[in-house]
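# Analysis of the macromolecular model
The residues making up each chain are set out below.
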Amino acid sequence: MSVDFYNQHAEQLAQVYLSKTFEQVHQPWLTHLTPVLNKANARILDLGAGAGRDSKYLAQQGAANGVQITAIEPALTLAELGKQHTLGLNVNWLQDSLPDLHAVTKQEISFDLILLSAVWMHIPQSQRERSLRKLANLLKPGGKLVISLRHGPSGDARNMFDVCSDQLTQLATRFGLTTLLVTDKGQDVIGRESVAWQTVVLQLPDDGTGAFPFIRHVALNDGKSATHKLALMRVLLRIADGHPGAVLRREDNRVILPMGLVALYWAHQYKDLIDKHQLFQRPGHNPNMGFMKQDGWHKLTHLQSSDYRIGNLFTGATAIAMHKVLSASASNIKTMPCRFITYPNSDEGVFEVNSKSVRATDSLFLDLTTLNQWGEFSLPEHLWLAFSRYACWIEPVLISEWVKTMASYAGNQAYHTPAQQYVLYNALNWLETKRNTSEVRSRFDALKQSQGNTHNCVWTNKSLKHQYAIDHCMPFARWPNNDLWNLLPTDVKANGEKSDRLPTEPKMKAAKLRITHWWRDAWLDGNDIASQQRFFAEANIALPGLNANNSSVDDLFEALLLQRGRLREMQQLREW
């Protein structure tokens, strides 16, 4: 796009854009907009938001239903005018551009409506397929994509390329999009005789990606000589559901993750299955798996699966053994499930591993930067989206098949009958089913003893002088997470009323100062460097849109609001 031109002529262009109303410009497709504005908490992406005319209208019309607008404008000067025009409205401005859309994609959210008004003609032919694929991946099932097409010469220094509605709709079918509307060419509302406009409305039906049939194929139909394939699928699902901040980047329609994180979660889920419950994960009478080495796995029998987590620090011989575990796990993943999970009726592998050798040292802190040392793991973006959006439906299928597979092994003959298989289901719990708040309670009590009663309930501001509870801000029963940032001191009555519900966005914003004060006082403002490192290591990988080196509490809170919205959308949680 001609970003320089838009920056240099921002004031003049803004005046022209704001001279016409949203209804005048977008009248041909307004009937498709009404259901979106009437949907509670709908998300709309205004791509090429300019001076904010469309974002302002959408935010105002959807305010009663909590509609949230993300406005994208690559021209900074024009975007500043847009921010002023939408001040006080539910509009979040980001600098980004097609075809990559790095900033909006990193937030790991999807949209009910994406609007490209006067944008498509700036995208060269060579980038249109990639751009449309990216837009389709950002849509929710049933979401709509509205693209206006400008026909006619630029008339100034801006680069513009020919557009064609037939080419656009044909391209859309490749990505599972259906066409709802193609208008006839209409006159330019500004009055330029050489310019005409069309509008194309596309929609993503159902899942729209083909991911479900593939996942079902691997889980139910694909041959399994051991549990490797199911293990990898579940690891990727848990990362997508629990750690949206783990994405290093997206490229060529693939999501890139730290190989060390995949290896860590691999070891995490096998740890209790093998060491605690002594369940065989392969046929025959040899319980040893390829990643269970004498200098690694077998030196860590004193650890539990809960020790294999982000934010943990290992030293001495334990650190060296953990290095070995991660290296052996990465190697096993590459040579087993990644080698044998292929597309149906094809030898083409679905997953790719670019692994690196890591020298073992006597200190190992598990954060995103460290885990990236083992290389990179990539998977198709449409699979990542399916795991992220539908984890609560996909995971039971994987667990059920895993139980069935384990029960068929000779080494697990005590669990052959369905009545005995509850043991296998319990062994596959990802986290301990109990809400572990003891560490945070100890910290609260220590602060109370040393400083007096300095913290009130984060939700009600009531004194916690006598009794208190530790609340999972994001409800544990719906999103199991015992990270430090997610555990907050609350009034016992408020904690009971909240229960497993999700706090509303206004309630969270009202509590921001109390929440961030607790974070700083409990974990960040003292001299305990280990707690500070752990706090941000956990948050930066669990919450969307944060960088691996983020140390901003305000950015963390904004990411927490994003995650609240993701959970509400994906799991339809009740709000408190």
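Everything discussed here concerns the structure shown above.
Residues numbered from 1 in each chain as written. Predicted model: local features only at pLDDT ≥ 70, side-chain atom pairs only at ≥ 80, totals over all residues. Heavy atoms only, no water.

### Notes on the overall build of the protein chain
- When helices and strands are tallied, the protein chain shows 23 helices and 16 strands.
- Computed over its C-alpha atoms, the radius of gyration of the protein chain comes to 26 Å, within 12% of the 25 Å expected for a compact globule of 576 residues.
- By its C-alpha atoms, the protein chain is 80 × 65 × 45 Å across when sized along the principal axes.
- Treating the 60 positive side-chain charges of the protein chain as one cloud and the 55 negative ones as another, the clouds have centres 5 Å apart. (Helix = DSSP H or I, 4+ residues; strand = E, 2+ residues; numbered from the N terminus. Rg over C-alpha atoms; globule rule 2.2 N^0.38 Å. Lys, Arg positive; Asp, Glu negative; His and termini not counted. Charge placed at Lys NZ, Arg CZ, Asp CG, Glu CD.)

### Description of the pattern of salt bridges
- Enumeration over the complete set of coordinates arrives at 25 salt bridges.
- The shortest N-O distance in the salt bridge between R309 and E538 comes to 3.8 Å. Of this pair, R309 sits in the loop between helix 12 (259-276) and strand 11 (313-315) while E538 is found in helix 22 (residues 529-542), placing the two residues 229 residues apart along the sequence.
- The salt bridge partner of K509 is E505, with a shortest N-O separation of 3.0 Å. Of this pair, K509 and E505 are both found in helix 20 (residues 505-510), four residues apart, which corresponds to roughly one turn of the helix.
- The exposure class assigned to K509 is partly exposed, which follows from its relative accessible area of 47%.
- Judged by relative accessible area, E505 falls into the buried class, the value being 16%. (Salt bridge = Lys/Arg side-chain N within 4 Å of Asp/Glu carboxyl O. Buried < 20%, exposed > 50% of the residue type's maximum accessible area, 1.4 Å probe, protein only.)

### Quick notes on a nonpolar patch on the surface
- Taken together, V16, V189 and I190 make up a surface patch of nonpolar side chains, about 190 Å² in accessible area.
- Along the polypeptide, V16 turns up in helix 2 (residues 10-17).
- Classification of V16 as partly exposed rests on a relative accessible area of 31%. (Patch = residues over 30% accessible without salt bridge, like charges linked within 9 Å, V, L, I, M, F, W, Y side chains within 5 Å. Areas by Shrake-Rupley, 256 points an atom, 1.4 Å probe, with all protein chains shown as cover.)

### Examining the packing of helix 11 (residues 228-242) against helix 12
- For the pair helix 11 and helix 12, interaxial distance at closest approach is 9 Å and the crossing angle is 115°. Where helix 11 crosses over helix 12, the two elements pack in a sense that is right-handed. Residues H228, A231, L232, R234, V235, L236, R238 and I239 of helix 11 lie in contact with helix 12, whose contacting residues are L261, V262, Y265, W266, Q269 and Y270. (Axes fitted to C-alpha atoms, helices over the stretch in contact; angles between N-to-C directions. Left-handed = near helix turned anticlockwise from the far one by under 90°. Contact = heavy atoms within 4.5 Å.)

### Looking at helix 9 (residues 165-173)
- Among the residues making up helix 9, those that are buried are S165, L168, T169, L171 and A172. End-on view of helix 9: buried residues confined to an arc of 160°, all on one side of the axis. Turned more than 90 degrees away from the buried face of helix 9, the exposed residues are D166, Q170 and T173.
- If you follow the buried residues of helix 9, they end up packed against helix 8 (125-138), strand 5 (139-151), strand 6 (178-182) and strand 8 (196-203). (Arc of directions from axis to C-beta.)

### Thoughts on unusual backbone geometry
- With an omega of 5°, the peptide bond between L98 and P99 qualifies as cis.
- Checked against the element boundaries, P99 lands in the loop between strand 3 (91-94) and helix 7 (102-106).
- Look at A118: it is not a glycine, yet its phi comes out positive at around 60°.
- Within the fold, A118 resides in the loop between strand 4 (111-116) and helix 8.

### As for the packing of aromatic side chains
- Inspection of every chain in the model, using the stated rule, returns 18 aromatic pairs.
- Ring centres 5.9 Å apart and planes at 70° place the aromatic pair Y270 and W402 in the edge-to-face group. A residue pair is termed long-range when its members are at least 10 positions apart, and Y270 in helix 12 and W402 in helix 16 (residues 381-407) qualify at 132 residues.
- On the numbers, 5.2 Å between centres and 90° between planes, the contact of F535 with F536 is edge-to-face. Grouping residues by exposure puts F535 and F536 together as buried.
- One aromatic cluster is present, formed by W266, Y270, F291, W297 and W402 through successive ring pairs.
- The ring of W297 carries the charged tip of K271 above its face, separated from the ring centre by 5.6 Å.
- When the ring centre of Y468 is taken as reference, the NZ or CZ atom of R441 above it lies at 4.8 Å. (Phe/Tyr/Trp six-rings, centres within 6.5 Å; stacked < 30°, edge-to-face > 60°. Lys NZ or Arg CZ within 6 Å of the ring centre and 35° of its normal.)

### Observations concerning the nonpolar core
- F351 and F377 are the most contacted members of the largest nonpolar core, which totals 81 residues.
- Tallying contributions element by element places helix 16 first for this core, with 14 residues.
- Every residue in contact with F351, bar those within four places of it in the chain, is listed here: L232, M233, L236, R254, C338, I341, F377, S378, L379, P380 and L383.
- Counting 41 residues, the second-largest nonpolar core is a separate cluster that includes L464, W519, F536 and A539. (Core = buried A, V, L, I, M, F, W, Y, C linked by side-chain atoms within 4.5 Å.)

### Focus on the packing of helix 8 against helix 16
- Running from amino to carboxyl end, helix 8 crosses helix 16 at an angle of 10°, the nearest separation of the two axes being 11 Å. It follows from the interaxial angle that helix 8 and helix 16 lie roughly parallel. Contacts from K134, N137 and L138 in helix 8 reach E381, L385 and R389 in helix 16.
- Taken together, the residues of the contact of helix 8 with helix 16 break down into two nonpolar, one polar and three charged. (Parallel < 35°, antiparallel > 145°, perpendicular 65-115°, else oblique. Nonpolar A, V, L, I, M, F, W, Y, C, P; charged D, E, K, R; others polar.)

### Examining the pairing of strand 4
- Of all the six residues making up strand 4, six are buried; the element is thus mostly covered by neighbouring parts of the structure.
- Two elements, strand 4 and strand 5, share five bridges in a ladder whose sense is parallel. Within strand 5, the residue paired with L116 across the bridge is I147.
- In the classification by handedness, the crossover that spans strand 4, the intervening helix 8 and the parallel strand 5 is right-handed. (Pairing = 2+ DSSP bridges. Right-handed = clockwise from strand over helix to strand, strands pointing away.)

Bear in mind that shape data such as this cannot, by itself, settle questions of function.
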